[in-house]
Amino acid sequence: MARTGYVAKGSVYAITGVLTFMAAFSLGGQKTGKLQVIEFLEKQPFGNALLILIGLGLLCYAGWRFIQSISDPEDIGSDKKAKAKRTGFFVSGLIYLGLAIYSFMQLINMGPSSGSGGGGQSSSFLAGQTGVYIFAIIGTALAVAGFFQIKKAYTNEFLKKFNYKSISEEKRRKTIKNTGYLGLISRGIILGILAFFFIRAAIESNTSDIKSTTDAFSFIQDSAYGSWLLGAVAAGLVCYAIYMFMMARYRQFQDGENE
């Protein structure tokens, strides 16, 4: 389940990175978030088959995250740090479960219309002080998540999942290390920008617009040297996709009972 899920998640990030990289240098493509990836697949030859495959893969990933959160098969523990980590797994599971459901909804034309994933969505539920609190919580959570992405890259903590020292092939070791490092930094940057959007909206009590990954890409592109910066971040997301594929192939799963 986990390995299938990693392949599906990697595929989403690969398409996101490639299309956004092309858009950065006016080579076609578009600034793309997760929902736009599903819509892109739907328009391809054998689009329905692709949606079924990606939907099933994302279900596997969501299921694995829920198992990690609830059953703790790798004995992460139950102290404060472990609980925070397992809560993060659960939230991740919810996100990818929603994306899987969206994939299946597209098969029967129940999903929102194309282009709906790019922000500008409003909800009366988020109006007023309730929305401010929700945006503040989401922004803080995104900031923490972004920080830990970059921290994992800086400390090489992500290599522990591979039993890295036991890998003898140098090319494989470099691929895992370099793609993981660049990919985690790129994810951290995107999460940090999204955190800024949500926290700013909370401070300004402006909760009418929900920002997404595509808005973060636009924010980068509108800055100085924007095309180059956007291209670099997009290339980093492609690296993250390769890292996910390496996770699917080489990740080591620890049995908590045997540690």
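Residues numbered from 1 in each chain as written. Predicted model: local features only at pLDDT ≥ 70, side-chain atom pairs only at ≥ 80, totals over all residues. Heavy atoms only, no water.

Named according to an unreviewed UniProt entry, the chain is DUF1206 domain-containing protein originating from Autumnicola edwardsiae.

Draft legend 1. The arrangement of the nonpolar core in detail. In terms of nonpolar packing, the biggest core is built from 56 residues, with Y6, I54, L58, Y96, F162, I190 and Y243 touching the most fellow members. When contributions to this core are tallied by element, the ones reaching two or more residues are α1 (2-24), α2 (34-42), α3 (47-70), α4 (80-107), α5 (128-155), α6 (170-203), α7 (213-221) and α8 (226-250). (Core = buried A, V, L, I, M, F, W, Y, C linked by side-chain atoms within 4.5 Å. Buried < 20%, exposed > 50% of the residue type's maximum accessible area, 1.4 Å probe, protein only. Helix = DSSP H or I, 4+ residues; strand = E, 2+ residues; numbered from the N terminus.)

Draft legend 2. Spotlight on α2. Here α2 has its buried residues at Q36, V37, I38, E39 and L41. As for α2, its buried residues are in contact with α1, α3, α4 and α7. (Contact = heavy atoms within 4.5 Å.)

Draft legend 3. Geometry of the UniProt feature "domain: DUF1206" (unreviewed entry) in the chain. Mapped onto this numbering, the UniProt entry annotates "domain: DUF1206" (unreviewed entry) at residues 5-70 and 182-251. Secondary structure over residues 182-251 splits into 80% helix and 0% strand, and the C-alpha atoms at its two ends are 18 Å apart. (UniProt positions renumbered as here; feature names shortened; annotations may be inferred.)

Draft legend 4. The side chain of S92, seen in detail. Tracing the chain through its elements places S92 in helix α4. Judged by its relative accessible area of 13%, S92 falls in the buried class. Not counting chain neighbours up to four residues away, the residues in contact with S92 comprise Y61 and R65.

Draft legend 5. Quick peek at the packing of aromatic side chains. Taken as a whole and assessed by the stated rule, the structure comprises 15 aromatic pairs. Look at Y61 and Y96: their rings are 4.9 Å apart centre to centre, the planes differ by 75°, and that puts the pair in the edge-to-face class. Here Y96 lies in helix α4 and Y61 lies in helix α3, a separation of 35 residues in the sequence. Their ring planes at 75° and their centres at 5.3 Å tell us that F147 and F148 sit as a pair that is edge-to-face. F148 sits in the partly exposed class, given a relative accessible area of 41%. (Phe/Tyr/Trp six-rings, centres within 6.5 Å; stacked < 30°, edge-to-face > 60°.)

Draft legend 6. Just the side chain of E39, in detail. Within the fold, E39 resides in helix α2. A distance of 2.5 Å separates a polar atom in the side chain of E39 from a polar atom in the side chain of Y102. (Polar contact = N/O pair within 3.5 Å; in protein donor to acceptor, adjacent residues only side chain to side chain.)

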